[in-house]
Amino acid sequence: MILKSGTNEFHGSLFEFNRNRELAAKNFFATGLPKPAFNRNEFGATAGGRIIRNKTFFFGSYEGLRQRTANTPFLAMPTPAMRQGDFAGLAALRDPLSDTPFPNNRIPANRIDSRTQRLLEFVPQPNTPGSGAAGTGLNYVATVGNIIDVNRYSLKVDHNMNTRNYLTFVANYSKGSPYFVALNTPPNYGNFGDGGYITKSISGTYNSTISPTKLNELRFSYFSHGSIRIGQNTDFNPASIFPTLYQPLPIGGLPNVSIAGFASIGDSGGSPRGIQPTQQITDNFTWVKGKHTFKAGVDIGFNRVATNPGAGGSAFGQFTFNGRYSNNSYADFLLGYPVSTTRQTPFISSLLHNSRYGAYFQDDWKVTSKLTLNLGVRYMLQTITQERDGSFANFDFGRGAYVIRTENNQLPRNAIPRLLEAYPYVGSEANGWGSDVMTSDRNNWAPRIGFAYRPFNDNKTVLRGGYGIFYNVIPVFIGIRQLSWQNTPFLLTETFEATAGNTPRSEEHTSELQSR
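Predicted model only: the values in this text are computed from it and were never measured.

Bridge count for strand 17 (residues 350-366) against strand 18 (residues 371-382) is eleven bridges, and the pairing is antiparallel. Of the residues in strand 18, the one forming a bridge with Gln 362 is Gly 376. Hairpin remark: strand 17 followed by strand 18, antiparallel, with four residues in the connecting loop.

Right, dumping it as structure tokens:
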């Protein structure tokens, strides 16, 4: 980010930008509803000036965003009659326990599962006639608003120590809250109740003119980003209706229920905000000597990614209904006869961290008045990512072995005993890997060459070209995290399939709906 600097004079500005729904068209499929909300306000102010004349200056800014938009989900909901077990006007229902039709195509009230009834309290009623028989099909439309508020602050201070030395300090803070994100579900479940973030950064730069031909820049910076994805109904404990879910759950939400031909039910859960801080030190030195401009520098970074305990999805229980038993998927849901169920242990806390080290040298060589060459090389090393509790596992394809990280031959404390019993494994030290399950690439030499050539020795025509090899760090979200807390034996996911056929066993009915 590049910020303006202050001057001896005081200056400021104000700005405002607005878009709203007045000139927007209605949703083609919801012309009977008011126009969805759309209002975007971007506003702010800047101010700059001197603190000490000719020596110390400041420049600050504020930017605000207030955005209100909306999604318009068009969904299939059960009719009021269906919620009571009445499927009149629809295909005949089959009682899976007696293999006979339900009288009057109606499920008796005492056969409707109590846990289904609890979940139906969150399911909205249809509000349109419906596109199918007896009011079924797409029969519910809603306008679900997105709420996005962002506040950004920045400050820059420049200080002239003397004619050769210059200090710069920059700080930034940005927060997105409230940050409600609609995800094409009804307004009361399935959306992100909080999808916001907090970002902080601070940096200090010391520029020194050592001599007319030698310059040095030393910089320290700190950057922290913490995003959050929290679903709705976080105070609803799914274990209150499915007590065999793995507990305790660090956050609540509705179980995830998939019903063929109807809108699903469920929440995404989440975890408290975890931060991702990076500290970086860089130094760049420039020396102009004759026809050469030498540049050299180092870059050192320390990275951490923290994840707090969380739950969602399968941890709340997942249930699938497809009509196998009663010839109607919603009737199966009312009866409590899923074809598959899934449960999962909550996510453990995690703190992944690594370091990177880089250095470079470059020579911009003016060979002749026509030809300039850029010759350089860079080296970068990313250390092996570690996890605070050692929660890592990998697979040794050479030996066909499942390897869990150990330290002093001790397994990580977050390893789940049931998974240790289920799969044969070997400790990383016993496998000859030491206390690591990954290796670091130490061969990241990156040469680069470029040229600028003026064939006619003027400024009208210049030919330029270059070649280089570049390396980047491996983000922990791409592969590394999947070897850590998202991997066996630190996360257990169990899926249960119903016995083949269209007649559930009575013990399956109870155990499956409870996720066993």
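After presenting the structure, the write-up continues.
Looking now at unusual backbone geometry. With omega at -5°, the peptide bond leading from Ser 177 into Pro 178 counts as cis. Looking at the secondary structure, you find Pro 178 in strand 9 (residues 165-180). Look at the link from Thr 488 to Pro 489: it is a cis peptide, with omega at 10°. Locating Pro 489 in the fold gives a position in the loop between helix 5 (476-483) and strand 25 (493-497). Here the phi dihedral of Asn 54 falls at roughly 65°; this positive angle occurs in a residue that is not glycine. When you line up the elements, Asn 54 lands in the loop between strand 2 (39-52) and strand 3 (56-71).

Once that is clear, we can look at the sheet that holds strand 22 (residues 426-427). Read across the open sheet, the three strands follow the order 20-21-22; overall the sheet is mixed. Each edge of the open sheet is held by one strand with a lone partner, namely strand 20 (393-396) and strand 22. Looking at chain direction, strand 20 and strand 21 (residues 401-404) are connected through four bridges and run antiparallel. Along strand 21, the bridge assignment pairs Phe 395 with Tyr 402.

The next subject is a nonpolar patch on the surface. Side chains of Met 161, Leu 167, Tyr 206, Leu 218, Phe 220, Ile 281, Phe 302 and Tyr 357 sit close together on the surface and give an oily, nonpolar patch of about 650 Å² of accessible area. The topology assignment puts Leu 167 in strand 9. Overall, Leu 167 belongs to the partly exposed group, its relative accessible area being 33%.

About the thresholds
Residues numbered from 1 in each chain as written. Predicted model: local features only at pLDDT ≥ 70, side-chain atom pairs only at ≥ 80, totals over all residues. Heavy atoms only, no water. Pairing = 2+ DSSP bridges. Helix = DSSP H or I, 4+ residues; strand = E, 2+ residues; numbered from the N terminus. Patch = residues over 30% accessible without salt bridge, like charges linked within 9 Å, V, L, I, M, F, W, Y side chains within 5 Å. Areas by Shrake-Rupley, 256 points an atom, 1.4 Å probe, with all protein chains shown as cover. Salt bridge = Lys/Arg side-chain N within 4 Å of Asp/Glu carboxyl O. Buried < 20%, exposed > 50% of the residue type's maximum accessible area, 1.4 Å probe, protein only.

These values are about where atoms sit, not about what they do.
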